[in-house]
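# Structure at a glance
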Amino acid sequence: EPLALDGVVPFPPETAAEYLAEGHWRDQTLPELLFATAERFPDKLAVIDRKAELSYAQLTDEVLRLAAGLQDLGLNRGDRVVVHLPNIYEYIAFVFALWEIGAVPIVAPVAHRRAEIEHFIEIGEARAYITVASDSGTDLAAMAADLKARWPQLEHTVVLERDGGGAEYEALQSKGSLEHARRCSPQDVALLQMSGGTTGVPKLMPHTHQTYGYALRRSVGERGITERTVHLLVIPICHSMSTRSPGFLGAFSVGATIVIAPNGSPDTAFPLIEKHGVTRVSLVPPILLAWLNSSLRKSYDLSSLKTLMCGGAKLVEAVASRVEPEFGVQLSQSFGMGEGLVVSNPADVDRATSVRYQGIPASAADEIQVIDDEGNDVPPGAPGHLLTRGPSVIRGYYRNPEQNALAFTADGFYRTGDIVERDERGFIRVVGRSKDQINRGGEKIAPEELENALLTHAGVHNVSVVGIDDDVLGERVKAFLIPRSPESAAELTLGKLRQFLRDKGLATFKLPDVVEVVDEFPYTAVGKVSKRLQRELNY
Ligand code: J2J
């Protein structure tokens, strides 16, 4: 009865059977998880955002009405739907409604623009697109109409008001209500999520109800998350930190409350912490730094906050060591990846470890290899390539056999592209990266995507995009450009190139922070552009 989606690499049947037998995977879909909690805690608050507060009973009721509306549009099990929404509770309502009917959301951060969305519609053969009227001055309603006209298989668009709700949302909810029932298998793909990105176009990760179910149980298990937890969500809601580690799914598995903030700036987040008695939050390093250095800390009562989780990018020790003494909360680092594995520090770990290490896997089923360039295991404390496999780790990207051959070993290990050290106890510390990726404060950017886009510029002969060190963001994006002619150099200014890339439909967070026009690139001995030397040119 599982639905085999074309272009998804399945788990070997014996591995799937083993994960089930050992209890890593359960015979439960994600809506079943929500509805089980709603039965236990119908009147508890499930989700709070700028405009609404919904109890578990209200949320499940809204999910079932939306599900009826989506079914009325003709959407069915296995259909792909691009969900492109900001941090509003309707995101949660939509993904659960789609899961209830067995459909597969392709989730995109609201910062994405036409190029990314169109790619998802194309590769997923999406039948519907759900968005808001506008974001940061971009008219997404017009874009939706345009996409619908261009892509014949895109039969439906749903456009919410900028902050959620609106006539189209109401209309979808006016088609009665479905009865909650199992309409898909726990082994079905639940969602397609954008990967961190190293390639020309973003790759999609197919997660099943079970790979997600395992990850979210692990993320609440030993982390002290209970029905009394009030968890603040500030990172884009479709990111796996906001979804399953622990995210709203982790919270819903135990009856906790989720508070959704539109962003993580202190003036947005601090009032929410005070107002709702927030007990824990997940941040990325630049937001953590902004919180530590904010003068607003004195103006709000933040005493309810007990645990501050930080992940997504390297947290330097100097910042990490300030958290507990200055903020009076426990720091819980986490290191994870959309592809699956998440490690974090147990609640009772000593401070020397919590400052220096990102954590240990929560279960022996999370398989870890740390190997050298030749594939040999490195001893404890030595750096090596991290490979991983387990009940939360996908076996391949969606419809991407070429990348799968590179990113996964024949026996199903994912090559993370991260260089880590692991101590005798098994604690992991990220020390570097072998993949060509820029981590701009937790936002992952693929240089190749920018290089491809910039190469279409008439004034560009060649381009190389690298990450350069930045005290706040960790890294920023720099493009080195060789002009086609001396005259075209004048066209290659930062402002003009950013506009050029925006016009090509790329999300703003990917655009270069710095450009430099040069006569030639440094090359390695084998004749490849040396990005290492280019990064060093900045010192
Ligand atoms: C250094 N690099 C880190 C860390 C991620 C939990 C936490 C994070 C993510 C995530 C996630 C890092 N120190 N603490 O999905 O569920 C870099 C690594 C990694 C890549 C994955 C989760 N935490 N990174 O960040 O898919 O390079 O997932 O391979 O966005 O971020 O990025 P992403």
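Looking only at helices and strands, the chain features 18 helices and 25 strands. Computed over C-alpha atoms, the radius of gyration of the chain comes to 23 Å, within 12% of the 24 Å expected from 2.2 N^0.38 for 539 residues, which places it in the range of a compact globule. By its C-alpha atoms, the chain is 65 × 55 × 55 Å across when sized along the principal axes. Burial statistics for the chain: of 539 residues in total, 59% are counted as buried. A separation of at least 24 residues holds for 70% of the contacts in the chain among residues at least 6 apart in sequence. A total accessible area of about 21300 Å² is found for the chain, and carbon and sulfur atoms account for 50% of it. The average position of the 55 basic charges and that of the 71 acidic charges among the side chains of the chain differ by 2 Å.

This part is about the site of the ligand. The immediate surroundings of the ligand are formed by 20 residues, with H239, S240, S245, S334 and D418 found nearest. At a separation of 3.1 Å, a nitrogen atom of the ligand approaches a polar backbone atom of G312. Between an oxygen atom of the ligand and a side-chain N or O atom of K435, the distance comes to 2.8 Å. In isolation the ligand offers 620 Å² of accessible surface; the protein chains occlude 96% of this area. The set of elements that each furnish at least two residues to the shell around the ligand consists of helix 9 (240–243) and strand 15 (330–336).

Glancing now at helix 8 (residues 209–221). Owing to its 3.6 residues per turn, the α-helix brings residues three or four apart onto one side. When the terminal C-alpha atoms of helix 8 are compared, their 18 Å separation across 13 residues agrees well with the 18 Å that a helix rising 1.5 Å per residue should span. Where burial is concerned, most of helix 8 is hidden: 11 out of the 13 residues are buried. Turning to helix 8, its buried residues number three or more, namely H209, Q210, T211, Y212, G213, Y214, A215, L216, R217, S219 and V220.

Following the criterion strictly, the structure yields 15 aromatic pairs and no others. Taken together, a centroid distance of 4.9 Å and an interplanar angle of 90 degrees make the contact between F11 and W25 edge-to-face. In this pair, F11 sits in the segment before helix 1 (13–21) while W25 sits in the loop between helix 1 and helix 2 (30–40), placing the two residues 14 residues apart along the sequence. For the pair F11 and W25, a shared accessibility class is recorded, and that class is buried. The interplanar angle of 80 degrees and the centroid separation of 6.2 Å between the aromatic rings of Y91 and F248 together place this pair among those described as edge-to-face. Taken together, the residues Y91 in helix 4 (residues 89–100) and F248 in helix 10 (residues 247–254) connect sequence positions 157 residues apart. Given a relative accessible area of 0%, F248 falls into the buried group. One aromatic cluster is present, formed by Y56, Y91, F96, W99, F248 and F252 through successive ring pairs. Here K203 stacks its cationic end above the ring of Y397, 5.0 Å away from the centre of that ring. Sitting over the face of the ring of Y357, R425 holds its NZ or CZ atom 5.7 Å from the ring centroid.

Turning to the sheet that holds strand 19 (residues 414–422), a few remarks are in order. Pairing between the strands of a sheet is mediated by backbone hydrogen bonds and can be parallel or antiparallel. On the basis of which strands lie adjacent, the open sheet formed by four strands has the order 17-18-19-20 and antiparallel pairing. Two strands close off the open sheet at either side, each with one partner strand: strand 17 (367–371) and strand 20 (428–433). The average undirected angle you get between the axes of adjacent strands in this sheet is 45 degrees.

We now examine the nonpolar core. Among soluble globular proteins, nonpolar side chains are generally buried collectively. Judged by nonpolar contacts, the single largest core of 83 residues is most densely connected at Y91, I92, F94, F96, F248 and F252. Of the residues forming this core, the biggest block, 10 residues, is contributed by helix 4. Membership of the second largest hydrophobic core comes to 33 residues, among which are V234, I273, W291 and A320.

Cut-offs and rules
- Residues numbered from 1 in each chain as written.
- Predicted model: local features only at pLDDT ≥ 70, side-chain atom pairs only at ≥ 80, totals over all residues.
- Heavy atoms only, no water.
- Helix = DSSP H or I, 4+ residues; strand = E, 2+ residues; numbered from the N terminus.
- Rg over C-alpha atoms; globule rule 2.2 N^0.38 Å.
- Buried < 20%, exposed > 50% of the residue type's maximum accessible area, 1.4 Å probe, protein only.
- Contact = heavy atoms within 4.5 Å.
- Areas by Shrake-Rupley, 256 points an atom, 1.4 Å probe, with all protein chains shown as cover.
- Lys, Arg positive; Asp, Glu negative; His and termini not counted.
- Charge placed at Lys NZ, Arg CZ, Asp CG, Glu CD.
- Near = heavy atom within 4 Å.
- Polar contact = N/O pair within 3.5 Å; in protein donor to acceptor, adjacent residues only side chain to side chain.
- Expected span 1.5 Å × (residues − 1).
- Phe/Tyr/Trp six-rings, centres within 6.5 Å; stacked < 30°, edge-to-face > 60°.
- Lys NZ or Arg CZ within 6 Å of the ring centre and 35° of its normal.
- Pairing = 2+ DSSP bridges.
- Axes fitted to C-alpha atoms, helices over the stretch in contact; angles between N-to-C directions.
- Core = buried A, V, L, I, M, F, W, Y, C linked by side-chain atoms within 4.5 Å.

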